[in-house]
Amino acid sequence: MNPKPSLGSVSFRRESGLIYALLAYTAWGLLPIYWKAFGSVSSIEVLSHRFFWSAVFLISVLVAQDRRAELQAIGRSPRTLGILLITALLLAFNWGLYIYGVNSDRVVETSLGYFINPLVSVLLGFVVLKERLHWGQQLAVALATLGVIYFIWQLGTVPWIALFLAFSFALYGLVRKIVPVSPVVGLTIEALWVAPAAILFISFGDVTGTGHFSDSLGLMLLFMGCGIVTSFPLLWFNNAAKRLQLSTLGFMQYLAPSLQLLLGVFLYREPFTPAHAVTFGCIWLALLIYSTTSWLRTRTQRI
């Protein structure tokens, strides 16, 4: 019979979990600074290096952890490989659009996309998986929709970067739900799916002189670092997920887009108009209602 964990060990797991979560969400929130460092380098080139160096780094991690058997098992399952190809394409679209949004001075809009994302996931669960929405979820989705409609009406433009980021990542999460693969192994396979195309693009740039990998040591290190800034936050998040309740992680996930918004407004001096304020206000209120009612329902069910 295994002894129950002491209060000290439980407390330590929770505290270390909070640290891992803070590291992960802070890293994701500060990523615009990293992508901005590439300057005029095209988003496709940055994306290609991100997938290639992520594949290199993640394979190294799995080899060091002696988890090659997991990769081999997936390789023997055509269905799993096919689903991960779909998620790899969704991830490539999401990552590429995010890098493009940051480097085209639309950091505020990218943050809007990741604020909307949880609510889009709820909506997809209702439409695709036929999940029932409680009143808090219904009200949250309605408020977020009103906020986006107000934005379009006031500024006369659709925040397409925000919407495509939200829907592509929500679709990615929806499809990944049906694959029984750990996050790190799944991301490794996704990176390997895209890596051949990334290598071809990088090689073409080197041959034709249109690539920037060899322009300077600093730029070369930035390209190679794409694997680290992509993979480390995921590893931190995995450690946090093992130690914290999902409700705690759910509240903390808004740290990343909050940091992105602050960077866009105060560091990069992007416009934040009254229309932005109303739209973000509707979505923040929607997220508050969604998170609070979901937490209350979970607590009631436990009691």
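Residues numbered from 1 in each chain as written. Predicted model: local features only at pLDDT ≥ 70, side-chain atom pairs only at ≥ 80, totals over all residues. Heavy atoms only, no water.

(A) Region of interest: a nonpolar patch on the surface. On the surface, Leu123, Phe126, Val127, Val128, Leu129 and Phe167 cluster together into a nonpolar patch covering about 490 Å² of accessible area. Element by element, the count of residues in the nonpolar patch is highest for helix α5 (residues 107-127), at three residues. Take Leu123: it is sitting in helix α5. Relative accessible area serves as the criterion here: at 30%, Leu123 is assigned to the partly exposed category. (Patch = residues over 30% accessible without salt bridge, like charges linked within 9 Å, V, L, I, M, F, W, Y side chains within 5 Å. Areas by Shrake-Rupley, 256 points an atom, 1.4 Å probe, with all protein chains shown as cover. Salt bridge = Lys/Arg side-chain N within 4 Å of Asp/Glu carboxyl O. Helix = DSSP H or I, 4+ residues; strand = E, 2+ residues; numbered from the N terminus. Buried < 20%, exposed > 50% of the residue type's maximum accessible area, 1.4 Å probe, protein only.)

(B) Here's a closer look at the nonpolar core. By size, the foremost hydrophobic cluster in this structure holds 28 residues, and its most contacted members are Phe51, Ile74, Trp95, Val184, Val185 and Leu187. Among the secondary structure elements, those contributing two or more residues to this core are α2 (43-64), α3 (68-75), α4 (78-103), α7 (160-176), α8 (183-208) and α9 (217-243). Counting residues in hydrophobic clusters, the runner-up holds 27 residues, among them Val108, Leu112, Val122 and Ile289. (Core = buried A, V, L, I, M, F, W, Y, C linked by side-chain atoms within 4.5 Å.)

(C) Local environment of the side chain of Gln137. Positionally, Gln137 belongs in helix α6 (residues 135-155). For Gln137, a relative accessible area of 13% puts it in the buried group. When neighbours within four sequence positions are excluded, Gln137 is seen to be in contact with Val122, Arg132 and Tyr290. (Contact = heavy atoms within 4.5 Å.)

(D) Layout of the pattern of salt bridges. Counted by the stated rule, this structure contains five salt bridges. Across the salt bridge formed by Arg67 and Glu70, the nearest N and O atoms sit 2.8 Å from each other. Judged by relative accessible area, which is 33%, Glu70 ranks as partly exposed. Linking Arg176 and Glu190 is a salt bridge whose minimum nitrogen-to-oxygen distance equals 3.0 Å. One end of the pair, Arg176, is in helix α7; the other, Glu190, is in helix α8, with 14 residues separating them in the sequence.

(E) How the structure looks around the side chain of Asn94. As for its position among the elements, Asn94 is in helix α4. For Asn94, a relative accessible area of 2% translates into the label buried. Look past the residues within four positions of Asn94 in its chain and what remains in contact with it is Tyr114, Leu165, Ser168 and Phe169.

(F) A look at the packing of α2 against α4. Contact geometry for α2 and α4: axes closest at 9 Å, N-to-C directions at 130°. With respect to α4, the element α2 is oriented oblique. For the element pair α2 and α4, the recorded crossing hand is right-handed. The residues of α4 that touch α2, namely those facing Ser43, Val46, Leu47, Arg50 and Phe51, are Ala88, Leu91, Ala92, Trp95, Gly96, Ile99 and Tyr100. (Axes fitted to C-alpha atoms, helices over the stretch in contact; angles between N-to-C directions. Parallel < 35°, antiparallel > 145°, perpendicular 65-115°, else oblique. Left-handed = near helix turned anticlockwise from the far one by under 90°.)

(G) Spotlight on the packing of aromatic side chains. Counting across every chain of the model gives 24 aromatic pairs. Measuring from centroid to centroid gives 6.1 Å for Tyr25 and Phe237, while their planes differ by 80°, and the two rings are edge-to-face. One end of the pair, Tyr25, is in helix α1 (residues 7-36); the other, Phe237, is in helix α9, and 212 residues separate them in sequence. A relative accessible area of 7% places Tyr25 in the buried class. For the pair Trp35 and Phe38, a centre-to-centre distance of 6.2 Å together with 25° between the ring planes defines the contact as stacked. Like Trp35, the residue Phe38 is buried in the burial classification. Each member of the aromatic cluster is reached from another via a ring pair, and the members are Tyr34, Trp35, Phe38, Phe52, Trp53, Phe213 and Phe223. Taking the ring centre of Trp95 as reference, the NZ or CZ of Arg50 above it sits at 3.9 Å. (Phe/Tyr/Trp six-rings, centres within 6.5 Å; stacked < 30°, edge-to-face > 60°. Lys NZ or Arg CZ within 6 Å of the ring centre and 35° of its normal.)

(H) Representation of the packing of α2 against α8 in the model. Close contact between α2 and α8 brings their axes to 7 Å; oriented N to C, the two are set at 135°. As the angle between them shows, α2 and α8 are arranged oblique. α2 and α8 meet at a crossing whose hand is left-handed. Residue composition of the contact of α2 with α8, by class: 18 nonpolar, three polar and two charged. (Nonpolar A, V, L, I, M, F, W, Y, C, P; charged D, E, K, R; others polar.)

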